[in-house]
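Each chain, written out:
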Amino acid sequence: MRAEATRRVALVFSLLDANGNGVLDADDFTLMSDRVVAVSPLSDQGAKDAMRAAFDRYWTTLLTELDANGDGEISFEEYTACVLTPERFHGTITEFAEALAALGDPDGDGLVERPAFLALMKAIGFEPGNIDTLFDAFAPSADDRIQASSWVEGIKDYYAPDKAGIPGDHLVAGTGV
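Residues numbered from 1 in each chain as written. Predicted model: local features only at pLDDT ≥ 70, side-chain atom pairs only at ≥ 80, totals over all residues. Heavy atoms only, no water.

### Some thoughts on the overall build of the protein chain
In terms of helices and strands, the protein chain carries 8 helices and 2 strands. For the protein chain, the sequential pattern of α-helices and β-strands runs α-α-α-α-α-β-α-α-β-α. Taken over the C-alpha trace, the protein chain has a radius of gyration of 15 Å; the compact-globule value for 177 residues is 16 Å, and the two agree within 12%. The dimensions of the protein chain, computed from C-alpha atoms along their principal axes, are 50 × 35 × 30 Å. For the protein chain, the residues scored as buried account for 46% of the 177 residues in total. Excluding contacts between residues fewer than 6 apart, the proportion of contacts in the protein chain whose partners are at least 24 apart in sequence is 65%. (Helix = DSSP H or I, 4+ residues; strand = E, 2+ residues; numbered from the N terminus. Rg over C-alpha atoms; globule rule 2.2 N^0.38 Å. Buried < 20%, exposed > 50% of the residue type's maximum accessible area, 1.4 Å probe, protein only. Contact = heavy atoms within 4.5 Å.)

### Let's talk about helix α6 (residues 114-124)
Among the residues of α6, R114, F117, L120, M121, A123 and I124 are the ones counted as buried. Just past α6, the residue G125 takes up positive phi, approximately 120 degrees.

### Re the packing of helix α2 (residues 26-38) against helix α3 (residues 45-66)
As a packed pair, α2 and α3 sit with axes 10 Å apart at the nearest point and diverge in direction by 160 degrees. Classified by the angle their axes make, α2 and α3 are roughly antiparallel. The hand of the α2/α3 crossing is right-handed. Contacts between α2 and α3 involve A26, F29, M32, S33, D34, V36 and V37 on the former and, on the latter, K48, M51, R52, F55, Y58, W59 and L62. The residue makeup of the contact of α2 with α3, split by class, is 10 nonpolar, 1 polar and 3 charged. (Axes fitted to C-alpha atoms, helices over the stretch in contact; angles between N-to-C directions. Parallel < 35°, antiparallel > 145°, perpendicular 65-115°, else oblique. Left-handed = near helix turned anticlockwise from the far one by under 90°. Nonpolar A, V, L, I, M, F, W, Y, C, P; charged D, E, K, R; others polar.)

### So, the side chain of S33
Looking at the secondary structure, you find S33 in helix α2. According to the relative accessible area criterion, S33 is buried, its value standing at 5%. Those residues in contact with S33 that sit more than four places away from it in its chain are R52 and F55.

### Observations concerning the packing of aromatic side chains
For the structure shown, the criterion picks out 10 aromatic pairs. A ring pair is formed by F13 and Y79, whose centres lie 5.5 Å apart and whose planes are at 55 degrees; its orientation type is tilted. Pair noted here: F13 is in helix α1 (residues 3-16) and Y79 is in helix α4 (residues 76-83), with a separation of 66 residues, a long-range link. Using a relative accessible area of 0% as the deciding quantity, one classes Y79 as buried. Plain terms: the ring middles of F117 and W151 are 4.6 Å apart, the flat faces sit at 55 degrees to each other, and that makes the pair tilted. Residue F117 is found in helix α6, and its partner W151 is found in helix α8 (residues 148-158); the two are separated by 34 residues along the sequence. W151 matches F117 in its accessibility class, with the two residues each being buried. Taken together, the aromatic side chains of F29, F55, Y58, W59 and F96 make up a single cluster linked through ring pairs. Cation over ring: R8 sits above Y158, and NZ or CZ is 5.7 Å from the ring centre. (Phe/Tyr/Trp six-rings, centres within 6.5 Å; stacked < 30°, edge-to-face > 60°. Lys NZ or Arg CZ within 6 Å of the ring centre and 35° of its normal.)

### A word on the pattern of salt bridges
If you walk through the whole model with that rule in mind, you get 10 salt bridges. Its salt-bridge partner being R57, residue E95 comes within 2.9 Å of it at the nearest N-O pair. Note that E95 is positioned in helix α5 (residues 86-104) and R57 in helix α3, a separation of 38 residues in sequence. A residue is classified by how much of its surface remains accessible, and R57, at 35% relative accessible area, is partly exposed. R145 serves as the salt-bridge partner of D109, at 3.1 Å between the closest nitrogen and oxygen. Of the two residues, D109 is situated in the loop between α5 and β1 (111-113) and R145 in strand β2 (residues 145-147); the sequence distance between them amounts to 36 residues. Judged by its relative accessible area of 35%, D109 is partly exposed. The network of salt bridges with shared partners includes R114, D132, D136 and D144. (Salt bridge = Lys/Arg side-chain N within 4 Å of Asp/Glu carboxyl O.)

Given below as structure tokens:
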């Protein structure tokens, strides 16, 4: 497992802990999905529902795979064991990535405009400067849009334990993780 992957996952864990109690629980995923959907006013209800379902699946996968003691909480150590194991988490992260990209592409043209990207990533909790750098790493067009499919692949790469030097590494810069 690469150190870069561990840093990326540590950052996401800290962001997903939306209620700040040091562990992940069902409330975190409800809070996060509410924040993300709230910044997507141009998206249709189907896309919003898909995003909520993806957050629900994310939580359910963690709970099912990792909560051996049945306390309804996932520690950082437990989280790392699941999300950095592609065979356990690939389907979940693919659903999440596709739902997030769909929110960023409300007109369905396969392109995500910078303002939508920034709003969604900021709602998740990433640093604005790092979000801009990430968007630029996806090689936006002259009209400042990226391929939704590139973003989906970038999200999946973010969780790959063997990847380094990927666009998602920009999200960790300067975060202290």
